[in-house]
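Architecture at a glance
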Amino acid sequence: MAYETIIVEVEDSVCTIKLNRPEALNALNSHLLGELCDALQAADQNDKVRCIVLTGSAKAFAAGADIKEMSEKSFVDMFLSDFFGEPHRDFMAIRKPIIAAVAGYALGGGCELAMMCDFIIAADNAKFGQPEINLGVIPGMGGTQRLTRFVGKSKAMDMNLTGRFMDAEEAERSGLVSRVVPAKTLLEEAQAIAAKIAEKSMLTTIAIKESVNRSYETTMTEGLLYERRVFHSLFNTEDQKEGMAAFQEKRQAQFRDR
Ligand code: CAA
């Protein structure tokens, strides 16, 4: 399908989705969010795709929600349309792993979109921030919730209350991103990581995604029970037999998602 605000490429088992509104530093307007969710759902349903990489340009992953689109809206408009509710729900329903490959600005909704992915690889020029306070609003897609869980209360308050940006080094130190790589090899490295994940059994990649995400929604005891039961259930799969046999036979496992 032809999109106007994103570019989608599927190579081997990896689907790469590039946000592509360079004139607005990839600001997230409704059109882009609709196309993004559509492309993610298509990748989720495409049997060939086993891992997804979401990226932007060298200058901006995304500079936030589109301020020009929102500026004249009223409370009633925002509330009745449940602005951001639908794209957020659609995004969080994707079952395959999504890696955010972030270069340049990831601000406001851009930082929140990166945090909605399963983990973030940052280029050394990446800048994260929740500057909504400078616009007279607060974050609307997780900047006060997910950021707090990633970096703790003190830094989340600092970022949200001052609107300051966090560089890649601080983001890695604070647990917001999993790795920092040189800007010019960002996409290549993110795709190589995605290809590694794509080699695993999809039964386990999806189970891990669900289990880690469950840890945000439940108590430790319930989360550990959920994890243990999923662990038990995987012993009813061919991929568990194959993985453990391959280890003992000192060969690479050939997973078949069964
Ligand atoms: N919405 C709409 N347009 C945006 C935008 C945004 N979030 N961010 C940048 N742009 C546009 C600019 O208006 C400009 O377009 P024009 O040339 O037509 O004026 C173009 O992108 C380039 O931007 P700048 O000239 O500002 O580029 P710069 O290099 O000087 O500055 C920047 C870069 C620091 C990222 C600056 O653009 C900026 O501060 N952007 C806004 C960041 C922001 O406040 N994000 C939060 C948005 S609200 C939100 O996201 C709510 C939520 O929680 C979901």
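Structural data are supplied above this passage.
The following paragraphs examine the structure supplied in this document. (Residues numbered from 1 in each chain as written. Predicted model: local features only at pLDDT ≥ 70, side-chain atom pairs only at ≥ 80, totals over all residues. Heavy atoms only, no water.)

As a further point, take the site of the ligand. Lining the immediate environment of the ligand, one finds 23 residues, of which K59, A65, G109, E112 and E132 sit closest. A65 is positioned with one of its backbone polar atoms (N or O) 2.8 Å from an oxygen atom of the ligand. G140 places a main-chain nitrogen or oxygen 2.9 Å from an oxygen atom of the ligand. Summarising the interface, the protein chains cover 66% of the accessible area of the ligand, which totals 990 Å² for the free molecule. Counting only elements with at least two residues in the shell around the ligand, the list comes to α2 (67–70), β6 (105–107) and α5 (109–116). (Near = heavy atom within 4 Å. Polar contact = N/O pair within 3.5 Å; in protein donor to acceptor, adjacent residues only side chain to side chain. Areas by Shrake-Rupley, 256 points an atom, 1.4 Å probe, with all protein chains shown as cover. Helix = DSSP H or I, 4+ residues; strand = E, 2+ residues; numbered from the N terminus.)

Their axes nearest at 10 Å, the elements helix α1 (residues 30–45) and helix α4 (residues 85–92) cross at an angle of 20°. By the criterion of interaxial angle, the relationship of α1 to α4 is roughly parallel. In the crossing of α1 with α4, the sense of the turn from one axis to the other is left-handed. Contacts between α1 and α4 involve L33, L36, C37, L40 and Q41 from the former and P87, D90 and F91 from the latter. Partitioning the contact of α1 with α4 into residue classes produces six nonpolar, one polar and one charged. (Axes fitted to C-alpha atoms, helices over the stretch in contact; angles between N-to-C directions. Parallel < 35°, antiparallel > 145°, perpendicular 65-115°, else oblique. Left-handed = near helix turned anticlockwise from the far one by under 90°. Contact = heavy atoms within 4.5 Å. Nonpolar A, V, L, I, M, F, W, Y, C, P; charged D, E, K, R; others polar.)

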